[in-house]
Structure formats: structure tokens, C-alpha cells
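What follows is each chain in one-letter form.
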Amino acid sequence: MPVIDCDPDVARERLREAGADVREGNTEHERWRATLGDANAVAYDDQLVVQGANPVDITAVVREHGGRVHGYFDGASRGNPGPAAIGWVLVSDSGIVAEGSETIGSTTNNRAEYEALLAVLEAAVRFGFDEIELRGDSQLVVKQVTGAWDTNDPGLREKRVRVRELLARFDDWSITHVPREVNERADDLANDALDDA
């Protein structure tokens, strides 16, 4: 549950401009409440508490934009192909900005890894970050995105093209293969989504 230190009046205006349903608070301590997409927010003095299935729907609108972020991503497939899920985390100098996970049906592990990478990139774009340092434990995805390895599978080739389109929106980016232990939070999110399915 993200808690954002912000000016509630500025946050309310940004949410209204984004099409959020903004209404009065339910108690004397709540300044207002808002719903946008799959997220809800409650404003207090100098803070916004965000809840819901997809908090990034609101946090992406109200947070200050720009700067560098680290993006961790992981895909998981049980059966390869089999039931699959993704997990991702955005981390800035001030801590976890956003994280997410979801099941994605039945697919291969490599396709799940690409879906996780796309999800973290889309979240970083929504937040308006200028630079991103990506970290994932799929050597195949990292090598294919950097061009070190060819992408022979047509489905993966399409995903790589979409990844490159999103990367072009950043002033600077990098992608690094890391051990699973370094990518633990994204890995946990993907596996928890599968366990909960």
C-alpha cells in the first residue's frame, strides 16, 4: 500500500485531469477520496494513501516525474508451457516506487519473461522516468534485447520489438542479467501470483 508525501491539492488536480472520480472524504481527517482504474486513494494532510488491485494507476499520475529508476522483472511458467505469471518492481533512490504481478495464462517461461519486462517498462513510462536500469534473471531476454543473440521465435521477436519501442522513450537505459537472488522480489511476486491462481 503506497503512501505518497505530496500536496493533496496538486494530487487532486492531477487525478481530475487524468479522469479520476474524486469525491469528499468519509471522515473529518480525510480531505478527499479518488478512484482511477483499479486503484483508490485517500488524501490526508500532506499524504496520499493508495490501495487497490493496481495502485500504479494512481501513483503514476500523482508522483513527481523524471529521474532514474531501477526496474526488476521476472516471468514464471510451470510446465513450460504451462500456467504463467509475471512480477516486477520499480525502485528509485527513495525506495520501492511500484510493484506488480499477475497471471498471464498458459505460455512458455521465455514469453513470461518478456511480458514481465514489458510490464515494468510500461509502468516506468507511466511514471515518467527519464532513465531506467533493468535487471532480470533471464539471460536469453537480456542477450536478445541488447542484440547479442538473435531472436528466432517470431512471437519473441514481436515482444523484443515492443520492448525496443518502449526503451526508445527513455533518455538512457541499460539491461543487465543478474542472479535470481538479486531479483528476489520480482521472482517472489511472479511465484506468489501463480500460487494464488
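Structure shown above.
Let us look at the structure shown here. As the structure is a prediction and not an experimental result, all values here were calculated from the model. (Residues numbered from 1 in each chain as written. Predicted model: local features only at pLDDT ≥ 70, side-chain atom pairs only at ≥ 80, totals over all residues. Heavy atoms only, no water.)

Here the focus is the packing of aromatic side chains. Counted under the stated rule, the structure contains one aromatic pair. Note on Phe127 and Phe129: the rings are 6.0 Å apart at their centroids and 40° apart in plane angle, and the pair reads as tilted. Residues Phe127 and Phe129 agree in their burial class; the two are buried. (Phe/Tyr/Trp six-rings, centres within 6.5 Å; stacked < 30°, edge-to-face > 60°. Buried < 20%, exposed > 50% of the residue type's maximum accessible area, 1.4 Å probe, protein only.)

Spatially, five strands are ordered β1-β5-β4-β3-β2 in an open sheet, and the strand pairing comes out antiparallel. Single-partner strands in this sheet number two, and they are β1 (3-5) and β2 (21-24). The sheet shows a mean angle of 20° between the axes of neighbouring strands, taken without regard to direction. As paired elements, β1 and strand β5 (residues 47-52) share three bridges and run antiparallel to each other. (Pairing = 2+ DSSP bridges. Helix = DSSP H or I, 4+ residues; strand = E, 2+ residues; numbered from the N terminus. Axes fitted to C-alpha atoms, helices over the stretch in contact; angles between N-to-C directions.)

This part is about the environment of Ala41. On the secondary structure map, Ala41 appears in strand β4 (residues 39-44). Ala41 sits in the buried class, given a relative accessible area of 1%. Sequence separation between Ala41 and Glu17 is 24 residues, and the spatial gap between their C-alpha atoms is 15 Å. Excluding anything up to four places from it in sequence, Ala41 contacts Trp32, Arg33, Ala34, Leu48, Val49, Val50 and Ile58. (Contact = heavy atoms within 4.5 Å.)

Our next topic: the pairing of strand β6 (residues 68-77). In terms of residue burial, β6 counts as a mostly covered element, since nine of its 10 residues are buried. By the bridge criterion, six bridges tie β6 to strand β9 (residues 131-136) in an arrangement that is parallel. Along β9, the bridge assignment pairs Val69 with Ile132. Here β6 pairs with strand β7 (residues 82-92) via eight bridges, running antiparallel. Counterpart to Ser77 in the pairing with β7 is Ala84. From the end of β6 to the start of β7, which pair antiparallel, there are four residues, and Gly79 there has a positive phi angle of about 120°.

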